[in-house]
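Below are the chains, spelled out letter by letter.
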Amino acid sequence: MKKVLKTLLLVCMVLIAASLPVYATPPTEVSGIFDLEEIVYTDMRTVGTNTFIYGTDVEVWQGDLVGVGETEWVVTAHASGVVNFSSRGVFTGTVLDSDEGTMEYQLTGQIPPGGDEWYGQWVILGGTGGLANVHGQGTWWGPGMGFDPDHWYEGQVHFDP
């Protein structure tokens, strides 16, 4: 009977230990700039009072994210004066001096009516190679429709399965 109780107790302890949640490592603050290069406008359409501008670009990232991103994007100009931006890209490089890899990321942003600067969010969607386990998100901002290619970013990243 003692063996059965000991075995049952051991099984219960193992089940409890196996069911404990796995916690991610604490995130690390990141910041830097990304420059827009090789901007290509691929299409423009007007639907009602909204204008949609489509294109691609190459982004050179510096700071805690070092590498090159290639994106497809759309800008939506609304009659209200609000301008929305959305892009999805593939980044090749390093994050916090990691081994090199690739990651998919998304940027969304907006220029308010009468404004001249983008404000938005970025998020890492997944990665491969040295960036296979990277996760992160943050904010970005920069000049609107002008010729200055510099945009700034900050946020948090962590590496966990």
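Along each chain, residue indices are assigned from 1 in the same order as the chain's sequence is written. Note on the predicted model: pLDDT of at least 70 is required for a residue's local features to be given, and 80 or more for side-chain atom pairs to be given and counted; whole-chain, interface and lining totals, by contrast, use all residues. Computation of side-chain values covers all heavy atoms of the structure but excludes hydrogens and water.

Peer 1: Would you mind showing me how to read the sheet that holds strand S8 (residues 150-159) here?
Peer 2: By way of backbone hydrogen bonds, the strands of a sheet pair with one another, either parallel or antiparallel. Pairing between two strands is assigned when DSSP locates at least 2 bridges connecting them. By the criteria applied, helices consist of DSSP H or I runs no shorter than four residues and strands consist of E runs no shorter than two, each listed in order from the N terminus. The antiparallel closed barrel is built from 8 strands, whose spatial order is S1-S2-S3-S4-S5-S6-S7-S8. Each neighbouring strand pair of the sheet contributes to a mean axis angle of 25°, computed without reference to strand direction. Direction of pairing for strand S1 (residues 28-47) relative to strand S2 (residues 50-63): antiparallel, over a ladder of 13 bridges. Residue aspartate 43 lies in a different strand from S2, and its bridge partner there is tyrosine 54. Between N-to-C directions, angles span 0 to 180 degrees; the directions come from axes that are lines fitted to C-alpha atoms, helices contributing only their stretch in contact.

Peer 1: Explain the confidence of the model for the chain to me, please; I cannot follow it from the model alone.
Peer 2: Any region with low pLDDT has predicted coordinates that should not be read closely. On average, residues of the chain score 88 in pLDDT, and 84% of them are at 70 or above. Per-residue confidence from the predictor is reported as pLDDT, which spans 0 to 100. Contacts are residue-level and defined by heavy atoms, with any inter-residue pair within 4.5 Å sufficient. pLDDT under 50 marks residues 17-21. Its contacts with residues more than four places away, or in other chains, come to 0 contacts.

Peer 1: I'm lost on the packing of aromatic side chains in this one. Help?
Peer 2: To describe a pair of aromatic rings, one takes the distance between the centres and the angle between the planes. In this scheme Phe, Tyr and Trp rings, the latter by its six-membered ring, pair at centre separations within 6.5 Å, and the angle between planes marks the pair as stacked below 30 degrees, edge-to-face above 60, and tilted otherwise. Under the definition given, this model contains 10 aromatic pairs. A centroid spacing of 5.8 Å and a plane angle of 70° characterise the contact between phenylalanine 85 and tryptophan 140, whose relative ring orientation is edge-to-face. Taken together, the residues phenylalanine 85 in strand S4 (residues 83-95) and tryptophan 140 in strand S7 (residues 134-143) connect sequence positions 55 residues apart. Tryptophan 140 shares its class with phenylalanine 85; the two are buried. The rings of Phe34, Trp61, Phe85, Phe91, Tyr105, Trp118, Trp122, Trp140 and Tyr153 are connected pair by pair, giving a single aromatic cluster. Burial classification: accessible surface area is computed with a 1.4 Å probe over protein chains only, and a residue below 20% of its type maximum counts as buried, one above 50% as exposed, and the rest as partly exposed.

Peer 1: Whenever I open this one, unusual backbone geometry confuses me. Can you help?
Peer 2: For residues other than glycine, phi is negative in most cases, and the peptide bonds are mostly trans. A positive phi angle is found at glutamate 38, which is not glycine, with a value near 50°. Residue placement: glutamate 38 occurs in strand S1. On the basis of relative accessibility, which here comes to 60%, the residue glutamate 38 falls in the exposed class. With phi around 60°, aspartate 97 is a residue other than glycine that occupies positive phi space.

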